[in-house]
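Architecture at a glance
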Amino acid sequence: QVQLMESGGGSVQAGGSLTLSCAASGLGFSTYCMGWFRQSPGKEREEVATVTGYGFTTAADSVRGRFTVSRDHAKNTLYLQMNSLKPEDTAMYYCAADGYKFCRGRFDYWGQGTQVTVSS
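Residues numbered from 1 in each chain as written. Predicted model: local features only at pLDDT ≥ 70, side-chain atom pairs only at ≥ 80, totals over all residues. Heavy atoms only, no water.

With respect to the nonpolar core
Formed by 26 residues in total, the largest nonpolar core has its most connected members in Met34, Trp36, Leu80, Met82 and Tyr93. Of all elements in the fold, only strand 3 (18-25), strand 4 (34-39), strand 5 (46-51), strand 7 (67-72), strand 8 (77-82), strand 9 (91-97) and strand 11 (114-119) reach the threshold of two or more residues within this core. Setting aside chain neighbours within four positions, we find Met34 in contact with Leu4, Cys22, Ala24, Ala49, Thr50, Val51, Arg71, Leu78, Cys95, Ala96, Ala97 and Phe107. (Core = buried A, V, L, I, M, F, W, Y, C linked by side-chain atoms within 4.5 Å. Buried < 20%, exposed > 50% of the residue type's maximum accessible area, 1.4 Å probe, protein only. Helix = DSSP H or I, 4+ residues; strand = E, 2+ residues; numbered from the N terminus. Contact = heavy atoms within 4.5 Å.)

Here's the deal with the side chain of Thr114
Within the secondary structure, Thr114 is located in strand 11. For Thr114, the side chain forms a polar contact with the main-chain nitrogen of Gly9, separated by 3.1 Å. What Thr114 contacts, discounting residues up to four positions off in sequence, is Glu6, Ser7, Gly8, Gly9, Leu20, Ala91, Met92 and Tyr93. (Polar contact = N/O pair within 3.5 Å; in protein donor to acceptor, adjacent residues only side chain to side chain.)

A short note on the pairing of strand 3
Inspection of the sheet shows strand 1 (residues 3-7) paired to strand 3 by five bridges, in the antiparallel sense. Residue pairing for strand 3: Glu6 is matched across the bridge by Cys22. The pairing of strand 3 with strand 8 spans six bridges and is antiparallel. From the neighbouring strand, Thr19 faces strand 8, where its bridge partner is Gln81. (Pairing = 2+ DSSP bridges.)

Section: the state of the cysteines
Defined simply, a disulfide is a covalent bond joining two cysteines at their sulfur atoms. All chains considered together, the criterion is met by two disulfides. A sulfur-sulfur distance of 2.0 Å marks the disulfide that ties Cys22 to Cys95. Around the S-S axis, the bridge from Cys22 to Cys95 shows a dihedral of about -75 degrees and counts as left-handed. With Cys22 in strand 3 and Cys95 in strand 9, this residue pair connects regions lying 73 residues apart in the sequence. What makes Cys22 buried here is its relative accessible area of 0%. A residue is classified by how much of its surface remains accessible, and Cys95, at 0% relative accessible area, is buried. Shown here is the disulfide that connects Cys33 with Cys103, its sulfur atoms set 2.0 Å apart. The sign of the S-S torsion, about 105 degrees, decides the handedness of the disulfide formed by Cys33 and Cys103: right-handed. Of this pair, Cys33 sits in the loop between strand 3 and strand 4 while Cys103 sits in the loop between strand 9 and strand 10 (109-110), and the two are 70 residues apart along the sequence. In this structure Cys33 comes out as buried when scored by relative accessible area, which is 0%. Listing the disulfide partners of the chain by sequence rank of the bonded cysteines yields 1-3, 2-4. (Disulfide = S-S within 2.5 Å.)

A short note on a nonpolar patch on the surface
Residues Tyr54, Tyr100 and Phe102 make up a contiguous nonpolar surface patch of roughly 370 Å² in combined accessible area. Looking at where Phe102 falls in the secondary structure, it is placed in the loop between strand 9 and strand 10. With a relative accessible area of 44%, Phe102 lands in the partly exposed category. (Patch = residues over 30% accessible without salt bridge, like charges linked within 9 Å, V, L, I, M, F, W, Y side chains within 5 Å. Areas by Shrake-Rupley, 256 points an atom, 1.4 Å probe, with all protein chains shown as cover. Salt bridge = Lys/Arg side-chain N within 4 Å of Asp/Glu carboxyl O.)

The structure is reproduced here in structure tokens:
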């Protein structure tokens with residue numbers, strides 16, 4: 001079974017940085033499409049960033065230039081480096097994965113989330 005576990009969330013002042021980690025288990029699964037999503041109360045879930053099994057990355061307009069997604073295949077871990085954090089970045093952040101090397105717009109596996117709170 002594929003399991004995803006996020007960590008690294010916390011509270012930070014605006015302008016600060018955090019790095020989220022997603023540890024993935026499941027033979028070879030971390031080589032496939034993975035992504036970060038976030039959701040805050042009263043708002044729709046937002047795709048933050050993705051990385052394909054080929055290494056191609058995407059980032060939402062709201063975070064482009066501030067957030068960077070990467071993966072360490074040896075550690076089987078996905079990362080989200082968040083810089084210049086803003087209060088509007090406050091949300092529960094979720095790691096997700098799919099069983100394809102390309103990102104098909106669907107994620108079948110999800111972590112439980114890690115909370116990020118940015119104070120103004």
